[in-house]
Amino acid sequence: MKKIILTALVAVASLAANAQIWVGGEVGFSADKTKENGEKLQNSASFRLLPEIGYTINDQFDIALLIGLDHGNARNINKGLETNYNSFILNPYARYKFAKAGDFTFFVDGGFAYKYTHWSEEPDNQNEWVIAIKPGISYSLSEKVSLVAHVGDLGYSFAKQGDIKYNKFGVGVDGNALTFGAYVSF
């Protein structure tokens, strides 16, 4: 029994010596207004907080978990309607780093995401499941700090809100799906 415990401790210690933990994530804010002939029709705003924690397995593979919050509201001024939403996001994923050029690392993230959204004006909450692959690039500012950007994705999502079901398949590498983040390694 002692040999098994000692072997397990040596295995865990060797994995820990080669791996590092990193934390980071993304923060986002957007706001917009719609006007017609100078008259304000609608305005909306949203805020996202997407912290992540990851574990570097080796030079090519990481595993990570994103747990995030998304809040937004929209006001239709002519109709006097206001809608708010709050979302909870859970996204475990794996990262494959396939190329390195100086301080730049090119990678692809692949994973599963779940998003739960509560709408203020809707009796039913929305559940959404996503499977996606996202290409990205990171730039090392130092040995411990890096900036990360994702550009587009390839994915499938399914959402259900009451009796309404949504299916979506998408592919795109463009500026409409551009996100930025930062990571600190320990």
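Structure's up top.
Residues numbered from 1 in each chain as written. Predicted model: local features only at pLDDT ≥ 70, side-chain atom pairs only at ≥ 80, totals over all residues. Heavy atoms only, no water.

Turning next to a negative patch on the surface. A grouping of Glu82, Glu121, Glu122, Asp124 and Asp163 is seen on the molecular surface, where their side chains present a negatively charged patch. Within the secondary structure layout, Glu121 lies in the loop between β5 (104-119) and β6 (126-140). (Patch = residues over 30% accessible without salt bridge, like charges linked within 9 Å, V, L, I, M, F, W, Y side chains within 5 Å. Areas by Shrake-Rupley, 256 points an atom, 1.4 Å probe, with all protein chains shown as cover. Salt bridge = Lys/Arg side-chain N within 4 Å of Asp/Glu carboxyl O. Lys, Arg positive; Asp, Glu negative; His and termini not counted. Charge placed at Lys NZ, Arg CZ, Asp CG, Glu CD. Helix = DSSP H or I, 4+ residues; strand = E, 2+ residues; numbered from the N terminus.)

Turning next to a positive patch on the surface. The grouping of Lys33, Lys35, Lys40 and Arg75 at the surface amounts to a positive patch. By secondary structure assignment, the location of Lys40 is in strand β2 (residues 39-56).

Taken as a whole and assessed by the stated rule, the structure comprises seven aromatic pairs. Judged by centre distance (5.2 Å) and plane angle (45°), the ring pair of Tyr85 and Trp119 falls under tilted. Taken together, the residues span a long stretch of sequence, with Tyr85 in strand β4 (residues 81-101) and Trp119 in strand β5 at a distance of 34 residues. Grouping aromatic residues by their ring pairs yields a cluster made of Phe61, Tyr96 and Phe98. The ring centre of Phe107 lies 4.0 Å from the NZ or CZ of Arg95, which sits over that ring. (Phe/Tyr/Trp six-rings, centres within 6.5 Å; stacked < 30°, edge-to-face > 60°. Lys NZ or Arg CZ within 6 Å of the ring centre and 35° of its normal.)

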